[in-house]
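Residue-level listing of the chains:
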Amino acid sequence: MAGHFDLTDLQLIVHIGDWHSLTRGAEKTHLSLPAASTRIKNLEEHFGTQLLYRTSQGVTLTPSGEALTRHARTVMRQIEQLRGDMQEFARGVKGHVRVLANTTAMTEFMPAVLSRFLAAHPDVNVELRERLSYLIVRAVAEGSADLGIVAGYTADQNLQFIPYRKDRLVVVTPAGHPLAGESAVAFADTLGNDYVGLSEWSAIHPFLLQAAAALGRTFKFRVEVGNFEAVCRMIESGVGIGVIPESVALRYARGLNVAIVPLIDDWALRELQICVRNRDALPAFARELLDMLVADVPEREK
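Just so we're clear, the structure is a prediction, and the values are computed from it rather than from any experiment.

## As for the overall build of the protein chain
Helix and strand counts for the protein chain come out as ten helices and eleven strands. Whereas a compact globule of 302 residues would reach a radius of gyration of roughly 19 Å, the protein chain reaches 25 Å, over 25% beyond that. Dimensions of the protein chain, computed from the C-alpha atoms along their principal axes, are close to 80 × 45 × 35 Å. Of all 302 residues assigned to the protein chain, the portion counted as buried reaches 44%.

Shown next as structure tokens:
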């Protein structure tokens, strides 16, 4: 078996896969063609399998070559992340916490906690991104996020879940809307109305599309806007109705002429949880942010 392989080998196989050409792969990796050929031969000897199909039209990856390329791309992304992290250390930033959260946690619960955390830690950066819950679970399991805040998950053998908050979704309507006088309503009974919602980048947008699809129904947002305040103002103006978190609705209802109607669907009441791979193995800064999030939960929700 040949000796070790290195990052240049991984870059080479990625470039060959991108260009379907050993010559272009060599050029992009800044190697001569003979040197590139030798590296591929050594890789094939190392793994004991053929990596390339060679034809008169060029080269294509074998199944094992495709598998190696997928792993190589992952390694190269991790190397880029490592470089970025090291650059932050060089600039004096000593810590980096990666957090993924759903729409409600992003807009309602994270801002106040992050403000206190960052004020206490000027040498730490927090990368906060919004995702759907199943994507958050996957990212935490794969190690691309330190913390995740999700709804609707209770068990995963590879992750730990810590109870966090309760999140109730409600219907918001214009004050004079036919639904405004209802004590509660089923989501299915709202789907004949025009909807106002957040843009498709938000986690709540595809969640509602999936809820409608589960009923065998389809609907489109008549208007898509960038934040909950704009949703509520559009609703007040009579453009349509919307489904948003109750805490958001209560805040904006104080200053707007809208009505709030509870949803009777089981999924409308969601238990938010923080997920981590291993609480005790978290980096110190991530563990401290986790503790601050848990401590921020009001007694009535614990």
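## Side note on the domain arrangement of the protein chain
Taken domain by domain, the protein chain comprises domain 1 (7-71), domain 2 (90-164 + 270-296) and domain 3 (166-268). Taking only C-alpha atoms into account, the centre of domain 1 sits 53 Å from that of domain 3.

## Quick look at the pairing of strand β7 (residues 195-198)
Regular strands place side chains that alternate from one sheet face to the opposite one. Alignment of β7 against strand β8 (residues 221-225), held across four bridges, turns out to be parallel. Within the sheet, the bridge partner assigned to V196 lies in β8 and is V223. Each parallel crossover has a hand, and for β7 linked through helix α7 (residues 204-214) to β8 it is right-handed.

## Here we look at the packing of aromatic side chains
Applying the stated criterion across every chain yields a total of six aromatic pairs. Centre to centre, the rings of F109 and Y164 are 6.0 Å apart; their planes meet at 90 degrees, and the pair counts as edge-to-face. A residue pair is termed long-range when its members are at least 10 positions apart, and F109 in helix α5 (residues 103-120) and Y164 in strand β6 (residues 160-174) qualify at 55 residues. Pair check on accessibility: F109 and Y164 agree, each one buried. Seen from their ring centres, F207 and W267 are 5.6 Å apart, and the 80 degrees between their planes marks the pair as edge-to-face. Here W267 lies in the loop between β10 (258-262) and β11 (269-276) and F207 lies in helix α7, a separation of 60 residues in the sequence. Judged by its relative accessible area of 19%, F207 is buried. On the basis of relative accessible area, W267 is assigned to the partly exposed category, the value being 25%. Ring-pair connections join several aromatic residues into one group, and the members of that group are F187, Y195, F207, F221 and W267. The ring of Y252 has R251 lying over it, and the distance from NZ or CZ to the ring centre is 5.0 Å. A cation over an aromatic ring shows up here: R270 above the ring of F207, its NZ or CZ 4.6 Å from the ring centre.

So, how was this worked out
Residues numbered from 1 in each chain as written. Predicted model: local features only at pLDDT ≥ 70, side-chain atom pairs only at ≥ 80, totals over all residues. Heavy atoms only, no water. Helix = DSSP H or I, 4+ residues; strand = E, 2+ residues; numbered from the N terminus. Rg over C-alpha atoms; globule rule 2.2 N^0.38 Å. Buried < 20%, exposed > 50% of the residue type's maximum accessible area, 1.4 Å probe, protein only. Domains from an automatic or database assignment. Pairing = 2+ DSSP bridges. Right-handed = clockwise from strand over helix to strand, strands pointing away. Phe/Tyr/Trp six-rings, centres within 6.5 Å; stacked < 30°, edge-to-face > 60°. Lys NZ or Arg CZ within 6 Å of the ring centre and 35° of its normal.

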